[in-house]
Amino acid sequence: MRYSVAEWHGDCVATFRFLHCADLHLDSPLRGLEADPDAPADAIRGATRQALINLVDYAIARRVDFVVAAGDLYDGDWQDWRTGQFLIGQIARLSNAGIPLIGIRGNHDAESVITRRLRMPGDSARLLDHRRAETYRLPGLPVSIHGQSFATRAVTDNIALAYPAPDPDRFNIGLLHSSVGERELHDNYAPCSVAQLSGHGYDYWALGHVHAQEVLARDPWIVFPGNLQGRHINETGAKGAMLVTVTDGHVGDALFVPFDTVRWARVDVRLAEDAGEDAALTQVRTELATAYEQAEGRLLAARIALSGACAAHETFSGDLGAAREKIRTEALSIAGPGMIWIERIDFSTTRPGSREAMDDRQDAIAALIRALRAADGNDIAAEVRTYAGAMLDKASPLRQAIGPEHAAQSQDVGDLVHRARDLLLGMLGE
């Protein structure tokens, strides 16, 4: 039952529920799909939109009382108005169902032309001010939502310090787009700490910016819901939002609800020494089937990595193309067409005993192998990008032909270095 004003009498507060989402990144560009003619490009490109539709469907069906969105609704400076129109249409569905949406702009929204020019539908949808922190008090609910949007892409000040004091006798929510400390793969925007947020006096901190779901604290609750839909292989696992239940002014439960339609997964297959081709393919099928089962009926986008000193190495290394097609056939045997997309297959297997033999050597080849094993692709990725950029500068027709989003910028260079290292190690092991 939805909360009503008549159910709130002084200190006796009826139960209400809200959804906390962040990092929708609507229409986020997906690179590399064109390289695979069998890639389900339409399904993957439309996944961010479908995830939002799923959230709105859920909110309406479960009759939640309101939705908060902690930034990055868009994915940069989009010129296509259809992206913004889609968002407004989904917010209007919430408004028509009597469900307010209160949000803030994140670093990606701050650079978006669409975000700055589109108006929210009705009176129940609102993006909080970017000039200063403000408070929005929900009509008919003892809830105060405090927050501040990003004015620019890089907000390096601790803006949470200036958030208003909590309203007495109300449930106070802080909306904040921040990494809350330094985190790998995330810029340290709006820097703050768990201790600072805990001491501010709010009942629930609805965070955004970090794409992995994480509960930082429970007294008070400080939560990253993660992004609504994984966009690439570095965003694996379930993606969605938090359903928060509040009773008598206290969080009774905060439940993660998945809304993604494409599930990304890494399937690492470590093969035993006696595993021939048939045994290797069986193991791949088994582990891929587990990942597909965990996707719970969603399209599975999987990267498969085979490793280990194994008997199958001779067959695989003899024809890597054929080996990849055999693995794709195993995927078809699991779920049929259109349900599993093999994003990439990496081989770093070696011949049985070759690693031990290399370890015993003391020559230049052994020294090279030790250096390759110790190499960290992420450490030299910047140098690779610089080198690639310099080479493209010397070949201006090539740069113009492939455009600004060339391989040196758009690919995960650290990952490419790791692949090259594994390939060299396999060759040296021969």
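Above this text is the structure in question.
The rules behind each value
Counting restarts for each chain, with residues numbered from 1 along the sequence as it is written. Per-residue local features of the predicted model are confined to residues with pLDDT of at least 70, and side-chain atom pairs are confined, for both listing and counting, to 80 or more; whole-chain, interface and lining totals are unaffected and use all residues. The side-chain values count all of the structure's non-hydrogen atoms but skip hydrogen atoms and water molecules. Here a strand is any run of E in DSSP of at least two residues, a helix any run of H or I of at least four, and the numbering for each starts at the N terminus. Given a helix with a known number of residues, its expected span is that number minus one, times 1.5 Å. In this scheme, a residue with accessible area under 20% of its type's maximum is buried, one over 50% is exposed, and one in between is partly exposed, where area comes from a 1.4 Å probe on protein chains only. Any two rings among Phe, Tyr and Trp, with Trp reduced to its six-membered ring, count as a pair given centres within 6.5 Å; such a pair is stacked if its planes are under 30 degrees apart, edge-to-face if over 60, and tilted if neither. Here, any two strands with at least 2 DSSP bridges between them count as paired. Axes here refer to lines fitted to C-alpha atoms; in helices the fit is confined to the stretch in contact. Angles between the N-to-C directions go from 0 to 180 degrees. Here, residues are in contact when the closest pair of their heavy atoms is within 4.5 Å. Note: the arc covers the axis-to-C-beta directions of the helix. Throughout this description, the term nonpolar core refers to a set of buried Ala, Val, Leu, Ile, Met, Phe, Trp, Tyr and Cys residues connected via side-chain atoms within 4.5 Å. As used in this structure description, the phrase polar contact means that two N or O atoms lie within 3.5 Å; if the pair is within protein, one of them must be able to donate a hydrogen and the other to accept it, and residues adjacent in sequence are counted only when both atoms belong to side chains. Place the viewer so that the strands point away; then a crossover is right-handed whenever the path from the first strand over the helix to the second strand goes clockwise. Every angle not falling under 35 degrees, over 145, or within 65 to 115 is termed oblique; those three ranges are roughly parallel, roughly antiparallel and roughly perpendicular. Note on convention: the crossing is left-handed when the near helix lies turned anticlockwise from the far helix by less than a right angle, right-handed when the turn is clockwise. Think of it as three bins: nonpolar holds Ala, Val, Leu, Ile, Met, Phe, Trp, Tyr, Cys and Pro, charged holds Asp, Glu, Lys and Arg, and polar takes everything else, Gly as well.

Draft legend 1. Structural view of helix α3 (residues 81-96). End to end, α3 covers 22 Å across 16 residues, agreeing with the expected 22 Å (1.5 Å per residue, within 8%). Of all the residues in α3, the buried ones are Thr83, Gly84, Phe86, Leu87, Ile88, Gln90, Ile91, Leu94 and Ser95. Following α3 by one or two positions, glycine 98 adopts a phi angle in the positive range, close to 75°.

Draft legend 2. A look at the packing of aromatic side chains. In total, this model carries 10 aromatic pairs according to the counting rule given. Here phenylalanine 16 and phenylalanine 171 contribute two aromatic rings whose centre-to-centre distance is 5.9 Å and whose plane-to-plane angle is 80°, an arrangement assigned as edge-to-face. Residue phenylalanine 16 is found in strand β1 (residues 16-21), and its partner phenylalanine 171 is found in strand β7 (residues 171-177); the two are separated by 155 residues along the sequence.

Draft legend 3. Quick peek at the sheet that holds strand β13 (residues 262-270). Within the open sheet, the 3 strands sit side by side as β13-β14-β15. Their pairing is parallel. Only two strands of the sheet have a single partner each, and these edge strands are β13 and β15 (340-350). Shown here is a sheet whose adjacent strand axes are inclined to one another by a mean of 10°, direction ignored. Helix-sheet contacts for helix α7 (residues 277-294) involve β13, β14 (299-309) and β15, and the interaxial angle to β13 is about 155°. Here helix α9 (residues 320-335) sits on the sheet in contact with β14 and β15, set at roughly 135° to β15.

Draft legend 4. Inspection of α9 at higher detail. Between the first and last C-alpha of α9 there are 23 Å, a value that for 16 residues agrees with the 22 Å anticipated at 1.5 Å per step. Restricting attention to buried positions, one finds in α9 the residues Ala323, Ile327, Glu330 and Ala331. Buried residues of α9, seen end-on, are gathered within an arc of 100° and therefore sit on one face of the element. For α9, the elements touching its buried residues are α7, β14, α8 (313-318) and β15.

Draft legend 5. Local environment of the pairing of strand β9 (residues 214-218). Relative to strand β10 (residues 221-224), β9 runs antiparallel, the two sharing 4 bridges. Looking at β10, one finds that arginine 218 is bridged to tryptophan 221. Between the end of β9 and the start of β10, which pair antiparallel, lie 2 residues.

Draft legend 6. The nonpolar core, seen in detail. Counting 30 residues, the largest nonpolar core has Val67 and Leu228 as its most contacted members. At the level of secondary structure, the elements contributing two or more residues to this core comprise β1, α2 (47-62), β2 (66-70), α3, β4 (125-127) and β11 (240-247). The biggest single contributor to this core is α2, with 6 residues. If near-sequence neighbours (up to four positions away) are discounted, leucine 228 is found in contact with Cys21, Ala22, Asp23, Leu24, Ala51, Leu52, Leu55, Lys239, Gly240, Ala241, Phe259 and Asp260.

Draft legend 7. Structural detail: the side chain of glutamate 134. Examined against the element boundaries, glutamate 134 turns out to sit in strand β5 (residues 134-137). A residue is classified by how much of its surface remains accessible, and glutamate 134, at 17% relative accessible area, is buried. Reaching out from glutamate 134, the side chain makes a polar contact with the side chain of arginine 126 at a distance of 2.8 Å. One polar contact links the side chain of glutamate 134 to the main-chain amide nitrogen of aspartate 129, over a distance of 2.6 Å.

Draft legend 8. Representation of the pairing of β13. In this structure, β13 lies alongside β14, joined through 9 bridges in parallel fashion. Bridging from a neighbouring strand, valine 262 pairs with leucine 299 of β14. On the question of chirality, the crossover connecting β13 to the parallel β14 by way of α7 is right-handed.

Draft legend 9. The arrangement of the packing of α7 against α9 in detail. It is at 9 Å that the axes of α7 and α9 come closest, and there the two elements cross at 45°. As the angle between them shows, α7 and α9 are arranged oblique. The two elements α7 and α9 meet at a crossing, and its hand is right-handed. Counted together, Glu277, Leu281, Val284, Arg285, Leu288, Ala289 and Tyr292 of α7 and Lys326, Ile327, Glu330, Ala331, Ser333, Ile334 and Ala335 of α9 form the full contact between these two elements.

Draft legend 10. Structural detail: the sheet that holds β4. An order of β4-β3-β2-β1-β11-β12 is seen for the 6 strands of this open sheet, with the pairing classed as mixed. Unpaired on one side and paired on the other, β4 and β12 (250-258) mark the two borders of the sheet. For this sheet, the mean angle separating the axes of adjacent strands, direction not counted, is 20°. Pairing between β2 and strand β3 (residues 101-104): 4 bridges, direction parallel. Looking at the pairing, alanine 70 lines up with isoleucine 104 of β3.

Draft legend 11. The environment of glutamate 293, seen in detail. You can see glutamate 293 is positioned in helix α7. Each C-alpha atom of the pair glutamate 293 and alanine 335 lies 9.8 Å from the other, and the pair is 42 residues apart in sequence.

Draft legend 12. The side chain of asparagine 227, seen in detail. Examined against the element boundaries, asparagine 227 turns out to sit in the loop between β10 and β11. The contact partners of asparagine 227, leaving out residues within four places of it in the chain, are Ala22, Asp23, Val210, His211, Glu235, Lys239 and Gly240.

Draft legend 13. Molecular detail of unusual backbone geometry. Here the residue pair aspartate 219 and proline 220 is connected by a cis peptide bond, since its omega of 0° sits within 30 degrees of zero. Along the chain, proline 220 falls in the loop between β9 and β10. Of note, the phi angle at arginine 63 is positive, near 55°, even though the residue is not glycine. Looking at the element boundaries, arginine 63 is found in the loop between α2 and β2. Judged by its relative accessible area of 48%, arginine 63 falls in the partly exposed class. For glutamate 296, which is not glycine, the phi dihedral falls at a positive 55°. Note that glutamate 296 resides in the loop between α7 and β14.

Draft legend 14. Representation of the packing of α2 against α3. The geometry of α2 relative to α3 is characterised by a closest axis approach of 9 Å and an angle of 10° between their N-to-C directions. Between α2 and α3, the angle falls in the class roughly parallel. Contacts between α2 and α3 involve Arg49, Leu52, Ile53, Val56, Asp57, Ala59 and Ile60 from the former and Arg82, Thr83, Phe86, Leu87, Gln90, Arg93 and Leu94 from the latter. Taken together, the residues of the contact of α2 with α3 sort by class into 8 nonpolar, 2 polar and 4 charged.

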